[in-house]
Amino acid sequence: DAGVTQTPRHEVAEKGQTIILKCEPVSGHNDLFWYRQTKIQGLELLSYFRSKSLMEDGGAFKDRFKAEMLNSSFSTLKIQPTEPKDSAVYLCASSQQGQFYAEQFFGPGTRLTVL
Amino acid sequence: GDSVTQTEGLVTLTKGLPVMLNCTYQTTYSPFLFWYVQHLNEAPKLLLKSSTDNKRTEHQGFYATLHKSSSSFHLQKSSVQLSDSALYFCALSGLDTNAYKVIFGKGTHLHVLP
C-alpha cells in the first residue's frame, strides 16, 4: 500500500505569493492532519479533517492558511499571501477514523522557503 | 490544557552507551502516549505507543513504561547505535471528545557519536 504522498517536496516562493501544497492520505484513512514543523516550535497542528469535514482549523493559522479536502483521497493547503516566517516543513498525516490511539502516518513533507 | 514536555533539545552520546529521553505530560483525561522517530529528511514514524500503566512496551530495541503516577513516558535504549541518530517526538492523545487530536512535544535530537 502506498503511504502518504506530498507534493511538491520543495517550494520556493516570494513574499506575497500564493502557494498550494498537496497531500494524498493512505487509502482507507478518514482522518487527515496538516502540521507545520519548525525547529523552535516543533510540530504545530494547522488543520484536521474527519471524513472530509473540517474539525480543527488551527486557531492562529486561520488568517492566511486554508486547508481543503475535496474528496477522501486528496487535500490541499493554501497559504495566501506567504510571508518569510512561513518558511518551514509542512507535514501531512493520516490515520484511521475515530481511534484516539491510532497511529498517524506521515508524508515526507514539503519544505517551503519564502524569500 | 493538555501538554507534553521534552526537557532535552539535544542529547549527544557515544555508540554503545545507554540513553533515556525524557517525556512528561499533563492531561485530565485517560492518556495514550506515543514516541515517534524522524530521521533526517524523512517522515516521522511511530516507534512505540502505550496506554497501560506500569507496563513496559518495546520496539526495535527501544522501550518505555507509562507511569501515570508521575505522568511520564521516558524512552530508553540500553545500547545506542549510529543509526539511532534522529529526532524523537513524544506525543499525547487523550480519551475525550477531542481524542482525535494528538499533542506533540517539541522533540529531542539524539546524536550518536562513533
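Residues numbered from 1 in each chain as written. Chains lettered and ligands numbered in written order. Predicted model: local features only at pLDDT ≥ 70, side-chain atom pairs only at ≥ 80, totals over all residues. Heavy atoms only, no water.

**A closer look at the side chain of Thr65 of chain B**
All names here are of chain B.
Then, number 1: Inspection of the secondary structure assignment puts Thr65 in strand 8 (residues 62-65).
Then, number 2: Residue classification places Thr65 among the buried residues on the basis of a relative accessible area of 18%.
Then, number 3: Beyond its immediate sequence surroundings of up to four residues, Thr65 is in contact with Asn54, Lys55, Arg56, Ser72, Phe73 and His74. (Helix = DSSP H or I, 4+ residues; strand = E, 2+ residues; numbered from the N terminus. Buried < 20%, exposed > 50% of the residue type's maximum accessible area, 1.4 Å probe, protein only. Contact = heavy atoms within 4.5 Å.)

**Description of the pattern of salt bridges**
All names here are of chain A.
Then, number 1: Throughout the structure, instances matching the rule amount to 7 salt bridges over all chains.
Then, number 2: With a shortest N-O distance of 3.3 Å, Glu44 and Arg36 are connected by a salt bridge. For the pair formed by Glu44 and Arg36, the shared burial category is buried.
Then, number 3: A single salt-bridge network, built from bridges that share partners, covers Arg64, Glu83, Lys85 and Asp86. (Salt bridge = Lys/Arg side-chain N within 4 Å of Asp/Glu carboxyl O.)

**Description of the sheet that holds strand 8 of chain B**
All names here are of chain B.
Then, number 1: Taken together, 4 strands build an open sheet; the order of strands is 3-9-8-7 and the sheet is antiparallel. Of all the strands in the sheet, the pair left with one neighbour each is strand 3 (19-21) and strand 7 (56-59). Mean inter-strand twist for the sheet, computed between neighbouring axes without regard to direction, equals 25°.
Then, number 2: Where strand 7 meets strand 8, 4 bridges bridge the pair, whose relative direction is antiparallel. Residue pairing across strands places Glu58 opposite Tyr63, the latter belonging to strand 8. (Pairing = 2+ DSSP bridges. Axes fitted to C-alpha atoms, helices over the stretch in contact; angles between N-to-C directions.)

**Points about the interface of chain A and chain B**
Then, number 1: Facing the 24 residues of chain A at the interface are 20 residues of chain B.
Then, number 2: Taking both partners together, chain A and chain B bury about 1800 Å²; carbon and sulfur atoms supply 61% of that area.
Then, number 3: Taken together, the connections running from chain A to chain B amount to 0 salt bridges.
Then, number 4: The interface formed by chain A and chain B includes 2 residue pairs in polar contact (both at pLDDT 80 or more).
Then, number 5: Sorting the residues of the side of chain A that touches chain B by element identifies strand 4 (31-38), strand 5 (42-50) and strand 6 (53-56) of chain A as the ones contributing at least two each.
Then, number 6: Looking at the side of chain A that touches chain B element by element, the count peaks at 5 residues for strand 5 of chain A.
Then, number 7: Considered class by class, the residues forming the side of chain A that touches chain B number 13 nonpolar, 5 polar and 6 charged. (Buried area = accessible area lost by both parts, 1.4 Å probe. Polar contact = N/O pair within 3.5 Å; in protein donor to acceptor, adjacent residues only side chain to side chain. Nonpolar A, V, L, I, M, F, W, Y, C, P; charged D, E, K, R; others polar.)

**Re the state of the cysteines**
Then, number 1: According to the stated counting rule, one finds 2 disulfides over all chains in the structure shown.
Then, number 2: Disulfide partner of Cys23 of chain A: Cys92 of chain A, at an S-S distance of 1.9 Å. Across the S-S bond of Cys23 of chain A and Cys92 of chain A the torsion is about -70°, and the bridge reads as left-handed. Linking Cys23 of chain A in strand 3 (residues 19-24) with Cys92 of chain A in strand 9 (residues 88-95), this pair joins segments that are 69 residues apart in sequence. Judged on exposure class, the residue Cys23 of chain A and its partner Cys92 of chain A are both buried.
Then, number 3: Linked covalently through their sulfurs, Cys23 of chain B and Cys90 of chain B form a disulfide whose S-S length is 1.9 Å. The chirality of the disulfide connecting Cys23 of chain B with Cys90 of chain B is left-handed, given an S-S dihedral of about -65°. (Disulfide = S-S within 2.5 Å.)

**Notes on the pairing of strand 4 of chain A**
Residue and element names in this part refer to chain A.
Then, number 1: Where burial is concerned, most of strand 4 is hidden: 7 out of the 8 residues are buried.
Then, number 2: Taken together, the 8 bridges between strand 4 and strand 5 define a ladder with antiparallel strand orientation. Considered in strand 5, the bridge of Thr38 is made with Gly42.
Then, number 3: The antiparallel pairing of strand 4 with strand 5 creates a hairpin that spans 3 residues between the two strands.
Then, number 4: Pairing between strand 4 and strand 9: 7 bridges, direction antiparallel. If you follow Gln37 over to strand 9, its bridge partner there is Val89.

**Looking at the pairing of strand 7 (residues 65-71) of chain A**
Then, number 1: Summarising the sheet, strand 7 of chain A and strand 8 (residues 74-79) of chain A pair through 5 bridges and their orientation is antiparallel. The residue bridging Ala67 of chain A from the neighbouring strand is Leu77 of chain A, located in strand 8 of chain A.

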